[in-house]
Amino acid sequence: QVQLVESGGGLVQAGGSLRLVCVASGRTFSMYSMGWFRQAPGKEREFVAVISWNGGRTAYGDSVKGRFTISRDNAKNTVYLQMNTLKPEDTAVYYCAVDGVRARPTLVGVPREYDLWGQGTQVTVSS
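Residues numbered from 1 in each chain as written. Predicted model: local features only at pLDDT ≥ 70, side-chain atom pairs only at ≥ 80, totals over all residues. Heavy atoms only, no water.

A. Fine view of the side chain of Asp99. Mapped onto the fold, Asp99 is located in strand β9 (residues 92–99). Residue classification places Asp99 among the buried positions, given a relative accessible area of 1%. At a separation of 2.7 Å, a polar atom in the side chain of Asp99 contacts the side chain of Arg104. With residues up to four places along the chain from it excluded, the contact list for Asp99 reads Tyr32, Ser33, Arg104, Val108, Glu113, Tyr114 and Asp115. (Helix = DSSP H or I, 4+ residues; strand = E, 2+ residues; numbered from the N terminus. Buried < 20%, exposed > 50% of the residue type's maximum accessible area, 1.4 Å probe, protein only. Polar contact = N/O pair within 3.5 Å; in protein donor to acceptor, adjacent residues only side chain to side chain. Contact = heavy atoms within 4.5 Å.)

Structure (structure tokens):
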């Protein structure tokens, strides 16, 4: 069964840090970009970060630039999201996803371009 499983979410005070982990199983995703998105209640799914298939390129949403870092370990079929200086507005369910195009030459931040999603992990930042 091909699936993505996120973990690492939780409750943290503003200014704190969390590291999210997304483990892929069922097949290798080493030739696919991987992304993180988030969705708060009543809001649309928002792009957070994306990393290229070989880890050489990354891109971030404006609201998290300078605070979040995406990385991956292809040997472990795992992608990470290090979140620092968290703010209450970062509260959301965070999802990892696999780009639908193998070795896509560009990085994309549009949810419809991703064809496999995890179940999400809740991040709550208290003020």
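We are not done yet, so read on.
B. Quick peek at the nonpolar core. Judged by nonpolar contacts, the single largest core of 29 residues is most densely connected at Leu4, Trp36, Leu81, Met83 and Tyr94. Of all elements in the fold, only β3 (18–25), β4 (34–39), β5 (46–51), β7 (68–73), β8 (78–83), β9 and β11 (121–126) reach the threshold of two or more residues within this core. If you look at the next biggest cluster of nonpolar residues, it comprises six residues, including Phe37, Phe47, Ala97 and Val108. (Core = buried A, V, L, I, M, F, W, Y, C linked by side-chain atoms within 4.5 Å.)

C. Looking closely at the pattern of salt bridges. One pass over the full model with this rule turns up six salt bridges. Where Asp90 meets Arg38, a salt bridge forms, and the shortest distance between an N and an O atom there is 2.8 Å. With Asp90 in the loop between β8 and β9 and Arg38 in strand β4, this pair connects stretches of sequence that are 52 residues apart. Each member of the pair, Asp90 as well as Arg38, carries the same accessibility label: buried. Asp62 is paired through a salt bridge with Lys65; the nearest N and O atoms lie 3.1 Å apart. (Salt bridge = Lys/Arg side-chain N within 4 Å of Asp/Glu carboxyl O.)

D. Fine view of the packing of aromatic side chains. One pass over the full model with this rule turns up six aromatic pairs. Ring geometry for Phe37 versus Tyr114: centroids 5.0 Å apart, planes at 75 degrees, classification edge-to-face. With Phe37 in strand β4 and Tyr114 in strand β10 (residues 114–117), this pair connects stretches of sequence that are 77 residues apart. You can call Tyr114 buried: its relative accessible area is 4%. Between Phe37 and Trp117 the ring centres are 5.0 Å apart and the planes differ by 55 degrees, which places this aromatic pair in the tilted class. Here the residue Phe37 occupies a position in strand β4, and Trp117 occupies one in strand β10, the gap between them amounting to 80 residues. One aromatic cluster is present, formed by Phe37, Phe47, Tyr95, Tyr114 and Trp117 through successive ring pairs. Cation over ring: Arg27 sits above Tyr32, and NZ or CZ is 5.1 Å from the ring centre. Positioned above the aromatic ring of Trp117 is the side chain of Arg45, whose terminal nitrogen or guanidinium carbon lies 4.7 Å from the ring centre. (Phe/Tyr/Trp six-rings, centres within 6.5 Å; stacked < 30°, edge-to-face > 60°. Lys NZ or Arg CZ within 6 Å of the ring centre and 35° of its normal.)

The quantities given are spatial measurements derived from coordinates; they are silent on function.
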